[in-house]
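The residues making up each chain are set out below.
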Amino acid sequence: MNSYRAGFIGLIGQPNAGKSTLMNFLVDQKVSIVTAKPQTTRRRVMGIHSSKEGQIVFVDSPGLIQADRGLNGFLAQEAEDVMRNVDALWAIVSVDEEKAEDAKKVIELVSSQKKPWIGIVTKTDLQEKAHRVLILKDLIEKKGGKAFAISSVDPDEEEKSLRQDLLQEALKLIPESPAPLYDVELFTPESARNLAAEVVREKCFEHLHHELPYNLAVRIIKFDEVAKTVPHLSIEIIVAKESHKGMVIGKAGSVLKKIGSDARKEIEKIMGEKIFLDLKVSCREDWFSNNRLMKELGYVVTDSKD
Ligand SMILES: Nc1nc2c(ncn2[C@@H]2O[C@H](COP(=O)(O)OP(=O)(O)OP(=O)(O)O)[C@@H](O)[C@H]2O)c(=O)[nH]1
Ligand SMILES: [Mg+2]
């Protein structure tokens, strides 16, 4: 293959299948947040891999769910929109999928989009589920797709070479292009502001329990890059009930302090400099049931029935 290629590849799968982890592994940068809980990714996040042969723009998307209202309605729509707008698709299925039909559904959905596609089985390091690898690969091949299997955590030499294979496969799926789509130095087109807000959301997932992380949103209030000493970042964590504020803050501010210090360290790594991070917690009662508030927080649902 001599000609230069560039295009978008959508990562489609069930919640928790390992889409974001795989994308980060492929672009060799933490671009998309990852947690042990399903439905972590809320908006599409792009990760770029550029080489002499081409530029692959991976589009990580929320896990597939059935919903037509509120935040879940937005997640469902966002995944669908990614599927419609990319050049090619990767069906991502994990060996630890709770229900076998779920993997089948993903493969059927992706293979019916009339776009170039392949299927990738994830989490192959989970020894107790090793028998699932062949079953899932078989499902993919039966639908006419090429099948791959990979583990994206703690990759060894074999995984690193599989990563190269996957990048080559990705190139084959995207169109020829006279030029790259983005600056070849970029590993993501996301703004530093968005990346920072996402890191805070990730730390909320890590330090908060039950439904709490699902019911909160995060937004930037102020990003003062020319502050006197170090850049000053003010971020608001928005909860849906007054009673949740105390849980996010914790006894004498202990929980919020942990979220803040973990997030600051990671944002500093991304930005390559020290920052001052100021976190605030506020309540917008049931924000996910209110279209105006959803929009304000960046979750714009176009077909809502409200
Ligand atoms: N053992 C193992 N765990 C993995 C692997 N890939 C991802 N995980 C774990 O699976 C969980 C979910 O990973 P994510 O990358 O957030 O999954 P996702 O598909 O993006 O999930 P949503 O954003 O919720 O749709 C995390 O705890 C990851 O650490 C893998 O290859 N092996
Ligand atoms: Mg994700």
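Look up a bit, the structure's there.
Quick caveat, the model's predicted, so the values are computed rather than measured.

Visitor: Break down the site of ligand 1 for me, with residues and values.
Guide: Residues in close proximity to ligand 1 total 21 residues, the closest being Lys19, Thr21, Gln39, Thr40 and Asp125. Within the side chain of lysine 19, a nitrogen or oxygen atom sits 2.7 Å from an oxygen atom of ligand 1.

Visitor: Could you give me a rundown of the side chain of serine 61, with the residues and numbers involved?
Guide: Note that serine 61 resides in the loop between β3 (54-60) and α2 (70-85). Looking at serine 61, the relative accessible area reads 1%, which means it is buried. In this structure the side chain of serine 61 is engaged in a polar contact, spanning 2.6 Å, whose partner is the backbone oxygen of leucine 11. Those residues in contact with serine 61, other than ones at most four positions away along the chain, are Leu11, Ile12, Lys19, Thr41, Ala79 and Val82.

Visitor: Explain the nonpolar core to me, using residue names and the numbers behind them.
Guide: Val200, Leu233, Ile235, Ile237, Val248 and Ile267 are the most contacted members of the largest nonpolar core, which totals 27 residues. Elements with a contribution of two residues or more to this core: α6 (192-207), β7 (217-224), β8 (232-239), α8 (254-271) and β9 (276-283). A total of six residues in this core trace back to one element, the largest contributor, which is α8. Residues within four places of isoleucine 267 in sequence aside, it is in contact with Ala196, Val199, Val200, Leu233, Ile275 and Leu277.

Visitor: Residue-level account of the coordination of the magnesium ion (ligand 2), with values.
Guide: Taken together, the protein donors to the magnesium ion (ligand 2) comprise Ser20 (OG) and Thr41 (OG1), at separations of 2.0 to 2.1 Å. Placement of serine 20 in helix α1 (residues 19-27) and of threonine 41 in the loop between α1 and β2 (45-50) is noted, with a sequence separation of 21 residues between them. Pair check on accessibility: serine 20 and threonine 41 agree, each one buried.

Visitor: Can you break down the side chain of serine 32 residue by residue, with the values?
Guide: Tracing the sequence through the fold places serine 32 in the loop between α1 and β2. Not counting chain neighbours up to four residues away, the residues in contact with serine 32 comprise Ser20, Met23, Asn24, Thr41, Val45 and Asp60.

What counts and how
Residues numbered from 1 in each chain as written. Chains lettered and ligands numbered in written order. Predicted model: local features only at pLDDT ≥ 70, side-chain atom pairs only at ≥ 80, totals over all residues. Heavy atoms only, no water. Near = heavy atom within 4 Å. Polar contact = N/O pair within 3.5 Å; in protein donor to acceptor, adjacent residues only side chain to side chain. Helix = DSSP H or I, 4+ residues; strand = E, 2+ residues; numbered from the N terminus. Buried < 20%, exposed > 50% of the residue type's maximum accessible area, 1.4 Å probe, protein only. Contact = heavy atoms within 4.5 Å. Core = buried A, V, L, I, M, F, W, Y, C linked by side-chain atoms within 4.5 Å. Donors = N, O, S within 2.8 Å, 3.2 Å for Na, K, Ca; no water.

That's the geometry; what it means functionally is another story.
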